[in-house]
Amino acid sequence: MGKVYRPENVYCKSFGFARHKLFLPLLKLIPMSDEGLRQRIHELLQGLPDKFTILEGNIPIDIQLEYFEFTKKIKEGLDTNSVMPEASDLLKSDVTVPDKKTLLCKMASVPLVEAYRGIESYSKNPDPGLEQWSRLALLESRMFLESYLTDESRVLISTGLGGRDEKLRCFFVGFSGMNAPLTEGQQTIIRVELESAFEKRQAELEELTMHTFYFTAQCLIPIGVEIREFLKGIIRECNVYGQFLRDNFIVTNVKLLQEKEIMSFLNLMNKHDSCED
C-alpha cells in the first residue's frame, strides 16, 4: 500500500516560566514513515520529571498557545510589586476584556497566595470570552506558587483534549474494511477487545460509539504508552476474527472530530485505494 496519512505526534514546544515548563504534545496528520519525529516526541515524554501536571478539560489549542505566548511576554520586565494593587480591576465592569487578559497573566506571574485567590475567585464568574483564559491563568498561578514554595520544578503537559491522572485524552476512529457496514457481532468484538486492551494498560474507555462504517472511542491513555502501537495492536486483535477493520485509523488529542471530518478522511482512503487498483 502507498503512503497513507494518519494522525500522530508532530509538535512539542516548551515554555519556561521561572521553575516550571509547559509541554504541548499535539497530534496531526503526518506520514507514518516519519519515525524520527515520533521517536523524538516519545523521548520527550519519557524524560518528564516525576512531578508534572496534565491540563484537564478541553481548551482549544489556539487559545492555549495564545495564552502561553502572551504570558511569556508579560513576564519580561514585569514589576511584580505593581501587580496586586491592580488586582481589583478584575471585578470592575468598566475595565476592558483585553486589559483583564493582561492582568490575569500578570497575577499568574507572581508567587503570591492572594494572587492565586484573586484569579480563583474571578474564574468562577469571568467575563464572557475569558472563561478559558482565566482557567489557564489559574492553573499557571497554582503551578508557579507550588514551584516557588517547594523550590521544585513543575511541568505542565497540555493538549486540546486534556487528560487526567497522568493520562492523555485521545479520540480514536477505526474503519470497517472494504466499506462494509459493521455487523452487531463485529461491534461486540470491537468493544470486548478495546475493554480488554485498555484494562491491561490501565487505560480508560470513556465513550465508545458505533457508526455504520466506523467507530469512535474517547479514551484516556497513560502518558508512557506508545499510542500508535497500542491502537495498532487492538485493530490486529479484532482482525483475528475476520479482517473486518482497516489497518488505517485516526488518533488525535487535539479535538473531537465531527462526522464530516471523519467521512472526509474515509473518502480520502477510498480514493487512495481506487488509485492503487
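Data block above holds the structure.
Quick caveat: nothing in here was measured; it's all calculated off a predicted structure.

Caption draft 1: Examining the overall build of the protein chain more closely. When helices and strands are counted, the protein chain shows eight helices and 11 strands. Buried residues in the protein chain amount to 47% of all 277 residues. By sequence separation, contacts in the protein chain at least 24 residues apart represent 71% of the contacts at least 6 residues apart. Accessible area for the protein chain stands at about 13,900 Å²; split by element, carbon and sulfur atoms hold 50% of it.

Caption draft 2: Structural context of the packing of helix α4 (residues 113-123) against helix α5 (residues 131-150). At their nearest, the axes of α4 and α5 sit 9 Å apart, and the two run at 160 degrees to each other. Comparing the axis directions of α4 and α5 gives the class roughly antiparallel. Crossing of α4 against α5: the hand is left-handed. Here Val 113, Ala 115, Tyr 116, Ile 119, Glu 120, Tyr 122 and Ser 123 of α4 come into contact with α5, specifically with Ser 134, Ala 137, Leu 138, Ser 141, Arg 142 and Leu 145.

Caption draft 3: Spotlight on the pattern of salt bridges. Here the structure, examined in full by the defined rule, presents 15 salt bridges. The partner of Glu 86 in a salt bridge is Lys 106, and the shortest N-O contact between them spans 3.8 Å. Placement of Glu 86 in the loop between α2 (61-75) and α3 (97-107) and of Lys 106 in helix α3 is noted, with a sequence separation of 20 residues between them. Since its relative accessible area comes to 28%, Glu 86 is described here as partly exposed. In this structure, Arg 142 and Glu 146 form a salt bridge, with 3.3 Å as the shortest nitrogen-oxygen distance. Taken together, the residues span about one helical turn, with Arg 142 and Glu 146 both in helix α5 at a distance of four residues. Put simply, Arg 164, Asp 165, Lys 167, Arg 169, Glu 204 and Glu 206 are held in one network by salt bridges that share partners.

Caption draft 4: Highlighting helix α7 (residues 227-238). With 12 residues, α7 ought to run about 16 Å at 1.5 Å a step, and its terminal C-alpha atoms sit 17 Å apart, in line with that. Where α7 begins, the side chain of Glu 226 points an oxygen toward the backbone nitrogen of Arg 228, at a separation of 3.2 Å.

Caption draft 5: Highlighting the side chain of Thr 216. Tracing the chain through its elements places Thr 216 in strand β10 (residues 214-222). The residues touching Thr 216, leaving out its near neighbours within four places in the chain, are Phe 171, Phe 172, Val 173, Glu 207, Leu 208, Thr 209, His 211 and Ile 262.

Caption draft 6: Inspection of the environment of Leu 208 at higher detail. Along the chain, Leu 208 turns up in strand β9 (residues 204-210). Under the relative-accessibility criterion, Leu 208 is labelled buried at 15%. The sequence separation of Leu 208 and Arg 191 amounts to 17 residues, and the corresponding C-alpha distance is 7.8 Å. Apart from residues lying up to four places away in sequence, Leu 208 is in contact with Arg 191, Leu 194, Phe 215, Thr 216 and Ala 217.

Caption draft 7: Local environment of the packing of α3 against α4. Running from N to C, α3 and α4 point in directions that differ by 140 degrees, and their axes come no closer than 9 Å. Classified by the interaxial angle, the pair formed by α3 and α4 is oblique. When α3 is examined against α4, the residues Lys 100, Leu 104 and Met 107 are found in contact with a partner set consisting of Ala 115, Gly 118, Ile 119 and Tyr 122. Of the residues that constitute the contact of α3 with α4, the class distribution is five nonpolar, one polar and one charged.

Caption draft 8: Expanded view of the environment of Phe 175. Mapped onto the elements of the fold, Phe 175 is located in strand β8 (residues 167-176). The spatial distance from the C-alpha of Phe 175 to the C-alpha of Ile 235 is 9.7 Å, given a sequence separation of 60 residues.

Caption draft 9: Seen up close, the nonpolar core. Core analysis: the biggest nonpolar cluster contains 27 residues, and Tyr 67, Leu 104, Met 107 and Ile 119 have the highest contact counts within it. For this core, the elements supplying multiple residues, two or more each, are α2, α3, α4 and α5. Per-element accounting of this core gives the leading share, seven residues, to α5. If we skip the residues at most four places from it in the chain, Tyr 67 touches Cys 105, Ala 108, Trp 133, Leu 136, Ala 137 and Glu 140. Within the second largest apolar cluster, 24 residues are counted, among which are Cys 170, Leu 194, Ile 227 and Phe 249.

Caption draft 10: Layout of the pairing of β8. Across the 10 residues that make up β8, a large majority, 10, are buried. As judged from the two bridges shared by strand β7 (residues 163-164) and β8, these two strands associate in the antiparallel manner. Paired with Arg 164 across the strands is Lys 167, a residue of β8. Hairpin geometry of β7 and β8 is characterised by an intervening segment of two residues between the two adjacent antiparallel strands and by a positive phi of about 50 degrees at Asp 165. Of the pairings in the sheet, the one linking β8 to strand β11 (residues 245-252) comprises five bridges and is antiparallel in character. For Ser 176, the partnering residue across the bridge sits in β11 and is Leu 245.

Thresholds, definitions, all that
Residues numbered from 1 in each chain as written. Predicted model: local features only at pLDDT ≥ 70, side-chain atom pairs only at ≥ 80, totals over all residues. Heavy atoms only, no water. Helix = DSSP H or I, 4+ residues; strand = E, 2+ residues; numbered from the N terminus. Buried < 20%, exposed > 50% of the residue type's maximum accessible area, 1.4 Å probe, protein only. Contact = heavy atoms within 4.5 Å. Areas by Shrake-Rupley, 256 points an atom, 1.4 Å probe, with all protein chains shown as cover. Axes fitted to C-alpha atoms, helices over the stretch in contact; angles between N-to-C directions. Parallel < 35°, antiparallel > 145°, perpendicular 65-115°, else oblique. Left-handed = near helix turned anticlockwise from the far one by under 90°. Salt bridge = Lys/Arg side-chain N within 4 Å of Asp/Glu carboxyl O. Expected span 1.5 Å × (residues − 1). Polar contact = N/O pair within 3.5 Å; in protein donor to acceptor, adjacent residues only side chain to side chain. Nonpolar A, V, L, I, M, F, W, Y, C, P; charged D, E, K, R; others polar. Core = buried A, V, L, I, M, F, W, Y, C linked by side-chain atoms within 4.5 Å. Pairing = 2+ DSSP bridges.

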